[in-house]
Amino acid sequence: MSVVDFLWRFPSVQMAWRNLGRNKLRTVLAALGIIIGVVSICSLGMATAAIQQQATSQLGSIGNEVSITSGQDSDTDGVTDDQVDTMRNLVTDAEVVPQKTNSTTVSSRNGREVRVSVTGVTNAAALYNLTSGEAPTRLLSGALLSNSTATTLGIEEGDPVEYDGQLYRVQGLIEEENAFGFGGGELVLPESALSDQNHYDVVTIVAADSSTATEIGGELDEYFNTDDEEELSINTFGNAGQVGGFLETLSLALLAIGGISLVVASVAILNVMLMSTVERRGEIGVLRAVGIRRSEVLRMILTEAALMGALGGLIGVLLSLAAGLVIFQMITGDPLGALQWSGFQYLVYGFGFAVVASILSGVYPAWKAANDRPVDALRG
């Protein structure tokens, strides 16, 4: 069925479409306000969805971990071997991975240098996923290097890197989301490479899931710490869900900000509808005089508002979809994430808000036109 056939089946829609075309410039300007409002709502919402998706992806990889460092009341600058042994005795259903840390400068053959953090660890497989190579459960020789650092310096698997006068061959490249170093660069070496450090800077306990990690953290905190003294600082990442709650609140706030644009657009539509009914007061009076009912006049004016909202909303949704693809590409690296419900829902919300706001804006002009006495309308 063509648009023309559809319009002829519904006279009120036909008249509404004709009336909108009478003053195309005014209609376009009013629809432009709707478009801007829809783009504001959808783009802000999809940006929040992309941020939430990326945060969930990154936090999900550490949600099952407990991070332990020296407490503020500790007698040592770090976690001792005895404390690590105690943890292993207490925790039997998770992997205890002690680490020593430092920093250094990694250089390439062409003289380019990058500052990276250094982690000395034995069970590298418990902490790292690699883009190439394999992380061993017992790292006794060789090294792992962040993928970004390797790309910057042109280092490949099998190339040597130097630390403290010793050469270590790169056995694998670390995925970025699993690099624990600051600034995105990390060099992972055998624990023996940092043997001059007496204590561990951090101990990571890798549990089966976030709830188990939370239980382990509570058990260790109860064993090592008291209300008055903190021997070890124990942090769990099992509360990553709170980040999701915060992002949902942020999403609502951004939607409210975008909604202001649609409210302003609704005022513009209200003005257009009022001007339209005033200009067509005599025409509406003739329609009422020849027997057109109030409900038909009411339906015609509301249909005009709905058509304007639907037109502006549709164009706004298409523009927002294009913007969403760009936003997801920039934040998550996956533009098709915009087509998932977490992002696509904002296109639905934006279109629905546009139509509803437009109809509400047309209620008063429609009521005023429908209740105007035919005699007064013709005299006016």
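Calculation notes
- Residues numbered from 1 in each chain as written.
- Predicted model: local features only at pLDDT ≥ 70, side-chain atom pairs only at ≥ 80, totals over all residues.
- Heavy atoms only, no water.
- Helix = DSSP H or I, 4+ residues; strand = E, 2+ residues; numbered from the N terminus.
- Buried < 20%, exposed > 50% of the residue type's maximum accessible area, 1.4 Å probe, protein only.
- Areas by Shrake-Rupley, 256 points an atom, 1.4 Å probe, with all protein chains shown as cover.
- Contact = heavy atoms within 4.5 Å.
- Pairing = 2+ DSSP bridges.
- Phe/Tyr/Trp six-rings, centres within 6.5 Å; stacked < 30°, edge-to-face > 60°.
- Lys NZ or Arg CZ within 6 Å of the ring centre and 35° of its normal.
- Axes fitted to C-alpha atoms, helices over the stretch in contact; angles between N-to-C directions.
- Parallel < 35°, antiparallel > 145°, perpendicular 65-115°, else oblique.
- Left-handed = near helix turned anticlockwise from the far one by under 90°.
- Nonpolar A, V, L, I, M, F, W, Y, C, P; charged D, E, K, R; others polar.
- Arc of directions from axis to C-beta.
- Patch = residues over 30% accessible without salt bridge, like charges linked within 9 Å, V, L, I, M, F, W, Y side chains within 5 Å.
- Salt bridge = Lys/Arg side-chain N within 4 Å of Asp/Glu carboxyl O.
- UniProt positions renumbered as here; feature names shortened; annotations may be inferred.
- Polar contact = N/O pair within 3.5 Å; in protein donor to acceptor, adjacent residues only side chain to side chain.
- Lys, Arg positive; Asp, Glu negative; His and termini not counted.
- Charge placed at Lys NZ, Arg CZ, Asp CG, Glu CD.

(A) Here's a closer look at the overall build of the chain. Broken down by element type, the chain carries 11 helices and 10 strands. By residue count, 44% of the 380 residues in the chain fall in the buried class. Accessible surface computed for the chain: about 19600 Å², of which carbon and sulfur atoms make up 56%.

(B) Expanded view of the environment of V272. By the secondary structure assignment, V272 is in helix 7 (residues 240–279). A relative accessible area of 7% means that V272 is categorised as buried. What V272 contacts, discounting residues up to four positions off in sequence, is R26, A30 and M308.

(C) Layout of the pairing of strand 7 (residues 166–174). Judged from the three bridges that link them, strand 4 (residues 130–133) and strand 7 form a sheet pairing that is antiparallel. Looking across to strand 7, one finds that G133 is bridged to G172. Bridge analysis of strand 5 (residues 143–146) against strand 7 gives four bridges, and the strand direction is parallel. Bridging from a neighbouring strand, A143 pairs with V170 of strand 7. Here four bridges tie strand 6 (residues 160–163) to strand 7, and the two strands are oriented antiparallel to one another.

(D) Just the packing of aromatic side chains, in detail. Scanning the model with the defined rule gives two aromatic pairs in all. Measuring from ring centre to ring centre gives 5.9 Å for Y346 and Y349, while their planes differ by 90 degrees; the resulting arrangement is edge-to-face. Pair noted here: Y346 and Y349 are both in helix 10 (residues 341–370), with a separation of three residues, about one helical turn. Given the relative accessible area of 41%, Y349 is considered partly exposed. Stacked on the ring of Y200, the Lys or Arg K100 has its end atom at 5.4 Å from the ring centre.

(E) Summary view of the packing of helix 4 (residues 81–90) against helix 6 (residues 210–224). Here helix 4 crosses helix 6 at 130 degrees, and the two axes come no closer than 11 Å. One finds that helix 4 runs oblique with respect to helix 6. Where helix 4 crosses over helix 6, the handedness of that crossing is right-handed. Within the contact between the two elements, helix 4 uses Q83, T86, M87 and L90 and helix 6 uses E219, L220, Y223 and F224. Along the lines of polarity and charge, the residues of the contact of helix 4 with helix 6 split into five nonpolar, two polar and one charged.

(F) Helix 4, seen in detail. Those residues of helix 4 not exposed but buried are Q83, V84 and M87. The buried residues of helix 4 occupy an angular sector of 100 degrees when projected down its axis, which confines them to one face. Facing away from the buried side of helix 4 by more than 90 degrees, the exposed set consists of D82 and N89. In this fold, the buried residues of helix 4 make contact with strand 1 (65–70), strand 2 (95–107), strand 9 (202–206), helix 6 and strand 10 (232–236).

(G) Up close: a nonpolar patch on the surface. Together, L325, L336, L339, W341, F344, V348 and Y349 make up an exposed nonpolar region whose accessible area comes to about 680 Å². For L325, a relative accessible area of 31% puts it in the partly exposed group.

(H) Molecular detail of the pairing of strand 3 (residues 113–120). Counting buried residues in strand 3 gives six out of eight residues, a clear majority hidden from the surface. Relative to strand 3, strand 2 runs antiparallel, the two sharing eight bridges. Bridged to T101 within strand 3 is T119. Where strand 3 meets strand 8 (residues 186–189), four bridges bridge the pair, whose relative direction is parallel. Within strand 8, the residue paired with V118 across the bridge is L187.

(I) Here's a closer look at the UniProt feature "transmembrane region" (unreviewed entry) in the chain. This chain's UniProt record puts "transmembrane region" (unreviewed entry) on residues 28–51, 252–274, 305–331 and 343–364. Between the end C-alpha atoms of residues 305–331 the distance is 37 Å, and the span holds 100% helix and 0% strand.

(J) Local environment of the side chain of S74. Relative to the assigned elements, S74 resides in the loop between strand 1 and helix 4. A polar contact is formed between the side chain of S74 and the side chain of S70, at a distance of 3.4 Å. In this view, S74 contacts E230 and E231; residues no more than four positions away in its chain are not counted.

(K) Looking closely at the side chain of Q83. With respect to the helices and strands, the residue Q83 is situated in helix 4. Of the residues examined, Q83 reaches a relative accessible area of 8% and is grouped as buried. There is a polar contact of 3.0 Å between the side chain of Q83 and the backbone nitrogen of T80. The residues touching Q83, leaving out its near neighbours within four places in the chain, are G78, F224, E231 and L232.

(L) Spatial organisation of a negative patch on the surface. There is a patch of like negative charges on the surface, built from D93, D209, E215, E219, D221 and E222. Given a relative accessible area of 38%, E219 falls into the partly exposed group.

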